[in-house]
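# Fold and contact review
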Amino acid sequence: MSEHDLEQRCINTIRMLAVDAVQQANSGHPGLPMEAAPIAYVLWTRLMRYNPKNPDWPNRDRFVLSGGHGSMLLYAMLHLTGYDLSLDEIRNFRQWESQTPGHPEYGDTPGVETTTGPLGQGIANAVGMAMAEAHLAARYNRPGHEIVDHYTYVIASDGDMMEGVASEACSLAGHLGLGKLIVLYLDNSITIDGGTDLAFSENTGLRFDSYGWHVQRVLDGNDLARVEAAVEMARNETDRPSIIVCRTVIGYGSPNKAGTSKAHGEPLGEEEVELTKQNLGWPLKPKFLVPEDVRDWFQQMVPYGKGWELAWRQAVHAYAEAFPELTDTWQRAMDGELAAGWDENLPTFSPDQGDMATRQASGVTINALSQRIPGLLGGSADLAGSNNTMVEAESNYTAGNYAGRNLHFGVREHAMASALNGMALHGGLRPYAGTFLVFSDYMRPAIRLAALMGIAPVYVFTHDSVGLGEDGPTHQPIEHYMALRAIPNLTLIRPADAAETAEAWVAALRRTDGPVALALTRQKLPVLNREGNGAAPTEGLAPTEGLAPTRGLAPADGLHRGAYVLADSDGTPDVILIASGSEVHLALEARETLTGEGVAARVVSMPSWELFEAQTGEYRESVLPASVTARLAVEPGVTLGWERYVGPRGDVIGLERFGASAPYQDVFEHLGFTAENIAGRAKALLAAGK
């Protein structure tokens, strides 16, 4: 048998594994694996560098199947090339607790670089991976010692090209000139509803050309030599990302369904499976056939992979001898470890410094932490000055300066969050990004996937309530706290003052198995006078505004427990006031009023439900004792969910309406967020309970 014939058998093995798996599951998408098998074959056997026996090798090429519905393509490649993915797992495609779920899931399957499924997310993640590679290479490589040097490859579908997040991310990639990002686009002209001409008639190549990408076309995706030559040319194009528009036929090989929407998202059917196998010269039995010569051919990738990694590790050894301190920093970053003492001697804040918005305190903290955590980098979606995300001592990340740590995403919130996921997945970085809290809606799909994957980007959400004032209801988040709290494995932290904000950053960076969202104020807040928190004033801050700071309060490190008793009564309290963020100050003032009237009131600062729920039942009871049923929660958002903390006899001062445009003091007063209203509602609760 000629090598050409053997390669065709390899390609048909990929196709038939997908066809059999989808048919057995009676669910799935056979069309994409059938059309893309030749392209994947070329990438995985001729071009990509990876080690199947060490899927996490840091300098491996990254492969992203952006059209995650075609997951059997990826599973077939992983199995055949020697990853720890057995044929039994292929047979269990889409079954309970298998390693072959319907869409690729990071962490479930060795070799899966990111969770894809929602179209557009994969290619946007890949942009973040390429950004990470460029940054780490610029930071750590030295002449003759290039320890960071790999590509990010993407297979994308028509659906990916239609999604807005892909457009945002690819526009940014072109602007940044990410030359090690290579996309192979399956241009098959088919969607679920029918031909792409129903809704999609653009010239995608011209669009990407306008983005600043290198564009090539391969007229037949089955032409291995042309696919390989196009990728080689793309790799030589170092100053801009590349897209290769490959004309393909969805469901290739199926006599009756190839080139139609029927091949997209449903099994071929037993009869069509037989016809397809006959058409491709494939044995009808057994199912899930991997011929021995095919397996032997693919298994060559195992020694190749070990050789590539060994050569790299030898290069790292030489690098370590030449640059020992830099190696320690790089290794710690790649291992996801922070240097000893990174969370010590953080900025401290005192009432003498004057009132300070928590967004401002966040900026101070970011600048301090960036000096101790080299992998900390981030930016915002065109709001760096408002979000306070800039690191003053660092430069901007640009096409000419990938070493910069200040990222500018432009007005592209969705792509920003998706690229952040790619950076976190790549390794070596602790990425963060900021925008107004109300625009978390634009980021939600990527935030959800970060939580699903268990990766740990940090979101800096400022202008966190109706307290932003004059911009009005379009920019005032109402339902957003609850919308974020509804995402499993996401931690939302809404600090009450500057000291809690510094602790919130510590909590965020200590977390490594899920994302953290910080909700920060635009308006200035008093810095609370806490035990053991008496730092000297910082120069240049605005004069004190608003209320005098309350004395004798609990330390801010209570934030790490999610909720803590900030101010208490002598003896058992009559009423518990629970608040987060800026409303903690109103609760403290209300407590003073209640105390003056003989009412014993406890104030609980509750910056994070998720952190509080992680505490022991004993601790939660100590903060919110069941014996105290008069509880009042205060937060300027929808009241949904607070019933779990206030109980059946409690009350919530919140919002079931949108905000308004006015100075924030007026907005708070008209909407009931005043100390007087809190005290009055607390007394009403006590009266109703008697």
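Before going into details, it helps to say that this report is about the structure given with it. (Residues numbered from 1 in each chain as written. Predicted model: local features only at pLDDT ≥ 70, side-chain atom pairs only at ≥ 80, totals over all residues. Heavy atoms only, no water.)

## Notes on the overall build of the protein
Counting secondary structure elements, the protein contains 25 helices and 18 strands. Its C-alpha radius of gyration of 28 Å places the protein within 12% of the 26 Å reference for a compact globule of 690 residues. Taking all 690 residues of the protein together, 61% fall into the buried category. Once local pairs closer than 6 in sequence are excluded, the contacts in the protein between residues at least 24 apart make up 76%. Summed over all atoms, the accessible surface of the protein reaches about 25700 Å², with 48% contributed by carbon and sulfur. Here the protein holds 53 positive side-chain charges and 85 negative ones, and the gap between their average locations is 2 Å. (Helix = DSSP H or I, 4+ residues; strand = E, 2+ residues; numbered from the N terminus. Rg over C-alpha atoms; globule rule 2.2 N^0.38 Å. Buried < 20%, exposed > 50% of the residue type's maximum accessible area, 1.4 Å probe, protein only. Contact = heavy atoms within 4.5 Å. Areas by Shrake-Rupley, 256 points an atom, 1.4 Å probe, with all protein chains shown as cover. Lys, Arg positive; Asp, Glu negative; His and termini not counted. Charge placed at Lys NZ, Arg CZ, Asp CG, Glu CD.)

## Side note on helix α3 (residues 71–81)
Of all 11 residues in α3, 11 are buried, a share of seventy percent or more. Of all the positions in α3, only Ser-71, Met-72, Leu-73, Leu-74, Tyr-75, Ala-76, Met-77, Leu-78, His-79, Leu-80 and Thr-81 are classed as buried. Positive phi shows up at Gly-82, right after α3, with a value of about 105 degrees.

## Quick word on the pairing of strand β16 (residues 601–605)
Within β16, 5 of the 5 residues are buried, leaving the element largely enclosed by the surrounding structure. Across the two faces of β16 the burial is the same, with Ala-601, Val-603 and Ser-605 and Arg-602 and Val-604 all buried. Of the pairings in the sheet, the one linking strand β15 (residues 575–579) to β16 comprises 5 bridges and is parallel in character. Along β16, the bridge assignment pairs Ala-579 with Ser-605. What joins β15 to β16 is helix α20 (residues 583–596), and the crossover it makes is right-handed. (Pairing = 2+ DSSP bridges. Right-handed = clockwise from strand over helix to strand, strands pointing away.)

## Some words on the layout of surface pockets
Its volume calculated, the largest pocket comes out at about 860 Å³. Looking at the largest pocket, it is lined by 42 residues, and the ones nearest its centre are Met-334, Gly-336, Ala-424, Gly-427 and Gly-428. Looking at the lining of the largest pocket, the elements with two or more residues in it are α12 (301–322), α13 (324–334), α16 (413–426) and β10 (430–436). At 6 residues, the largest contribution of residues to the lining of the largest pocket is made by α13. Residue composition of the lining of the largest pocket, by class: 20 nonpolar, 12 polar and 10 charged. (1 Å grid on protein atoms, 1.4 Å probe; cavity = no way out; pocket = protein on both sides within 12 Å on 5 of 7 lines; lining within 4 Å. Points joined across faces, edges and corners; volume = space filled by probe spheres on them. Nonpolar A, V, L, I, M, F, W, Y, C, P; charged D, E, K, R; others polar.)

## Quick word on helix α1 (residues 3–25)
Here α1 spans 33 Å end to end across 23 residues, near enough to the 33 Å set by a 1.5 Å rise per residue. Of all 23 residues making up α1, 17 are buried, and the element is well covered by its neighbours. One or two residues past the end of α1 sits Asn-26, with phi positive at roughly 55 degrees. (Expected span 1.5 Å × (residues − 1).)

## Quick notes on empty space enclosed by the protein
A full pass over the atoms with the stated rule returns 5 cavities of 30 Å³ or more. By volume, the largest cavity amounts to about 70 Å³. If you go around the largest cavity, the residues you meet are Trp-44, Met-48, Tyr-50, Pro-55, Arg-60, Asp-61, Phe-63, Tyr-83, Gly-111 and Glu-113. A class-by-class count of the residues in the lining of the largest cavity yields 6 nonpolar, 1 polar and 3 charged.

## Overview of the nonpolar core
For soluble globular proteins, the rule of thumb is that nonpolar side chains tend to be buried together. Counting 76 residues, the largest nonpolar core has Met-131, Leu-178, Leu-181, Trp-213, Phe-409, Met-423 and Tyr-459 as its most contacted members. Ranked by residues supplied to this core, first place goes to helix α5 (residues 121–140) with 12 residues. Those residues in contact with Met-131 that lie beyond four places of it in its chain are Leu-172, Leu-176, Leu-178, Tyr-397, Leu-407, Phe-409, Ala-419 and Met-423. Counting residues in each nonpolar core, the second largest holds 56 residues, with Ile-11, Val-22, Ala-25 and Leu-65 among its members. (Core = buried A, V, L, I, M, F, W, Y, C linked by side-chain atoms within 4.5 Å.)

## Examining the sheet that holds strand β18 (residues 651–653)
Spatially, 5 strands are ordered β14-β16-β15-β17-β18 in an open sheet, and the strand pairing comes out mixed. The outermost strands of the open sheet, each flanked by one partner alone, are β14 (564–567) and β18. Pairwise comparison of adjacent strand axes, ignoring direction, gives a mean angle of 30 degrees for this sheet. Relative to strand β17 (residues 631–634), β15 runs parallel, the two being bridged by 4 bridges. (Axes fitted to C-alpha atoms, helices over the stretch in contact; angles between N-to-C directions.)

## Section: the pattern of salt bridges
Per the counting criterion, the structure on display carries 26 salt bridges. Across the pair Lys-180 and Glu-133 runs a salt bridge whose closest N-O atoms are separated by 3.3 Å. Here the residue Lys-180 occupies a position in the loop between α7 (164–176) and β3 (181–187), and Glu-133 occupies one in helix α5, the gap between them amounting to 47 residues. Residues Glu-237 and Arg-240 are paired through a salt bridge, measuring 2.8 Å at the closest nitrogen-oxygen approach. You can call Glu-237 partly exposed: its relative accessible area is 21%. Residue Arg-240 is classed as partly exposed on the basis of its relative accessible area, which comes to 29%. Connected via shared salt-bridge partners are Glu-7, Arg-46 and Glu-228. (Salt bridge = Lys/Arg side-chain N within 4 Å of Asp/Glu carboxyl O.)

## Structural notes on the packing of α1 against α3
Contact pair α1 / α3: the axes reach a minimum separation of 9 Å and the direction vectors enclose 120 degrees. Taken together, α1 and α3 sit at an angle that is classed as oblique. For the element pair α1 and α3, the recorded crossing hand is right-handed. Side by side, α1 and α3 meet where Thr-13, Ile-14, Leu-17, Ala-18 and Ala-21 of the first sit next to Met-72, Leu-73, Ala-76, Met-77 and Leu-80 of the second. (Parallel < 35°, antiparallel > 145°, perpendicular 65-115°, else oblique. Left-handed = near helix turned anticlockwise from the far one by under 90°.)

## Digging into the environment of Glu-392
For Glu-392, the position within the fold is in the loop between α15 (384–387) and β9 (406–408). Glu-392 sits 28 residues away from Val-364 along the chain, and the two C-alpha atoms are 9.8 Å apart.

## A word on the side chain of Thr-109
Here Thr-109 lies in the loop between α4 (87–91) and α5. A distance of 2.5 Å separates a polar side-chain atom of Thr-109 from the backbone oxygen of Gln-99. In this structure Thr-109 touches Tyr-75, Leu-78, Leu-85, Gln-99 and Pro-101, once residues within four positions along its chain are discounted. (Polar contact = N/O pair within 3.5 Å; in protein donor to acceptor, adjacent residues only side chain to side chain.)

## Overview of the sheet that holds strand β7 (residues 242–247)
The strand order β1-β2-β3-β7-β6 describes an open sheet built from 5 strands, whose pairing is parallel. In this open sheet, the two edge strands, each paired with only one partner strand, are β1 (62–65) and β6 (214–218). Strand-to-strand, the axes of this sheet are offset by a mean angle of 15 degrees, without reference to chain direction. Bridging between β3 and β7 involves 6 bridges; their strand directions are parallel. Directly across from Tyr-185, in β7, lies its bridge partner Val-245.

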